[in-house]
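Residues per chain are reported as follows:
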Amino acid sequence: ETGVTQSPTHLIKTRGQQVTLRCSSQSGHNTVSWYQQALGQGPQFIFQYYREEENGRGNFPPRFSGLQFPNYSSELNVNALELDDSALYLCASSLDTQSSYNEQFFGPGTRLTVL
Amino acid sequence: AQTVTQSQPEMSVQEAETVTLSCTYDTSESDYYLFWYKQPPSRQMILVIRQEAYKQQNATENRFSVNFQKAAKSFSLKISDSQLGDAAMYFCAYRSITGNQFYFGTGTSLTVIP
């Protein structure tokens, strides 16, 4: 059983550019959540995908968007990058149903630096 | 919106001693989950312990236990017999039963002194 993986590990972009971050969920998991963790802060919930549909969103602007694929891997896209988007981006996967919650497993994160 | 507060940015403990990390939260809901996560320097976040609000009994996982005070909205983590490998950032988190959004505190950095 493989764990949650994320790519790339590190990324440097300039303001105004677009970026795509990738997450492979743990085998058998159907739910992926994305978080932004600024330096010295706790993770902030961006959104969650459940069976390829967005299933909840935090207080992030529309330039943060995502996808979940049939194999339950996921992408986080950020358009028009701003300096404040510099952070560690974490994804977490879990096996959820409509009526129950199960433990989420985190990936190692992608460190995004916006110059 | 729910908020989670960790008022201790840094804590230290001697190896083999006991340390307690504090967490308070604010919610109007009656049923929810509370968590403690550990984030070692390698960054991968792992679950330490979980508590369901409807359970009065405090959760325990080996050397880790919680003191859950629902009325006070307090959820502290006790680490007994501290080990060098316990050094990490610890985050308290909240999730409602019906929702799917996690709310994290700002974390407590724990140093274990040999």
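Bear in mind that the values here come from a model prediction, so they are computed numbers and not experimental data. (Residues numbered from 1 in each chain as written. Chains lettered and ligands numbered in written order. Predicted model: local features only at pLDDT ≥ 70, side-chain atom pairs only at ≥ 80, totals over all residues. Heavy atoms only, no water.)

1. What to know about the pairing of strand β5 (residues 44–50) of chain A
Residues and elements named next belong to chain A.
Here is step 1 of the chain: Buried residues dominate β5, accounting for six of its seven residues.
Here is step 2 of the chain: Here strand β4 (residues 31–37) runs beside β5; their pairing, made up of six bridges, is antiparallel. Looking at the pairing, S33 lines up with Q48 of β5.
Here is step 3 of the chain: Here β4 folds back onto β5, and the loop between the two strands holds six residues, one of which, G40, carries a positive phi near 80°.
Here is step 4 of the chain: Both β5 and strand β6 (residues 53–57) contribute to a ladder of three bridges, which runs antiparallel. When the sheet's bridge partners are listed, F47 is paired in β6 with R57.
Here is step 5 of the chain: A loop of two residues connects β5 with β6, the two strands running antiparallel in sequence, and R51 in this loop sits at a positive phi of about 50°. (Buried < 20%, exposed > 50% of the residue type's maximum accessible area, 1.4 Å probe, protein only. Helix = DSSP H or I, 4+ residues; strand = E, 2+ residues; numbered from the N terminus. Pairing = 2+ DSSP bridges.)

2. As for the sheet that holds strand β3 (residues 19–24) of chain A
Within a sheet, each strand pairs with its neighbour through backbone hydrogen bonds, oriented either parallel or antiparallel.
All names here are of chain A.
Here is step 1 of the chain: Read from one edge to the other, the open sheet built from four strands follows the order β1-β3-β8-β7, with strand pairing classed as antiparallel. Here the strands that pair on one side only, and so sit at the sheet edges, are β1 (5–7) and β7 (64–68). Neighbour to neighbour, the strand axes of the sheet diverge by 20° on average, direction disregarded. (Axes fitted to C-alpha atoms, helices over the stretch in contact; angles between N-to-C directions.)

3. Description of the interface of chain A and chain B
Here is step 1 of the chain: Across the boundary between the two partners, chain A contributes 25 residues, which contact 17 residues of chain B.
Here is step 2 of the chain: Summed over both partners, the interface of chain A with chain B comes to about 1700 Å²; 50% of that surface belongs to carbon and sulfur atoms.
Here is step 3 of the chain: Our count for the contact surface shared by chain A and chain B stands at zero salt bridges.
Here is step 4 of the chain: Put simply, chain A and chain B have two residue pairs in polar contact (both at pLDDT 80 or more) between them.
Here is step 5 of the chain: Sort the elements by how many residues they give to the side of chain A that touches chain B and β6(A) lands first, with three residues.
Here is step 6 of the chain: A per-class count over the side of chain A that touches chain B returns nine nonpolar, 13 polar and three charged. (Contact = heavy atoms within 4.5 Å. Buried area = accessible area lost by both parts, 1.4 Å probe. Salt bridge = Lys/Arg side-chain N within 4 Å of Asp/Glu carboxyl O. Polar contact = N/O pair within 3.5 Å; in protein donor to acceptor, adjacent residues only side chain to side chain. Nonpolar A, V, L, I, M, F, W, Y, C, P; charged D, E, K, R; others polar.)

4. Re the pattern of salt bridges
All names here are of chain A.
Here is step 1 of the chain: Inspection of the entire model under this criterion finds eight salt bridges over all chains.
Here is step 2 of the chain: For E75, the salt bridge identified is with R22, shortest N-O distance 3.6 Å. Of this pair, E75 sits in strand β8 (residues 74–78) while R22 sits in strand β3, and the two are 53 residues apart along the sequence.
Here is step 3 of the chain: Assessed through its relative accessible area of 15%, E75 is described here as buried.
Here is step 4 of the chain: Across the pair D85 and R63 runs a salt bridge whose closest N-O atoms are separated by 2.8 Å. Of this pair, D85 sits in the loop between β8 and β9 (87–94) while R63 sits in the loop between β6 and β7, placing them 22 residues apart in sequence.
Here is step 5 of the chain: Among the ionic contacts, a cluster of salt bridges with common partners joins R63, E82 and D85.

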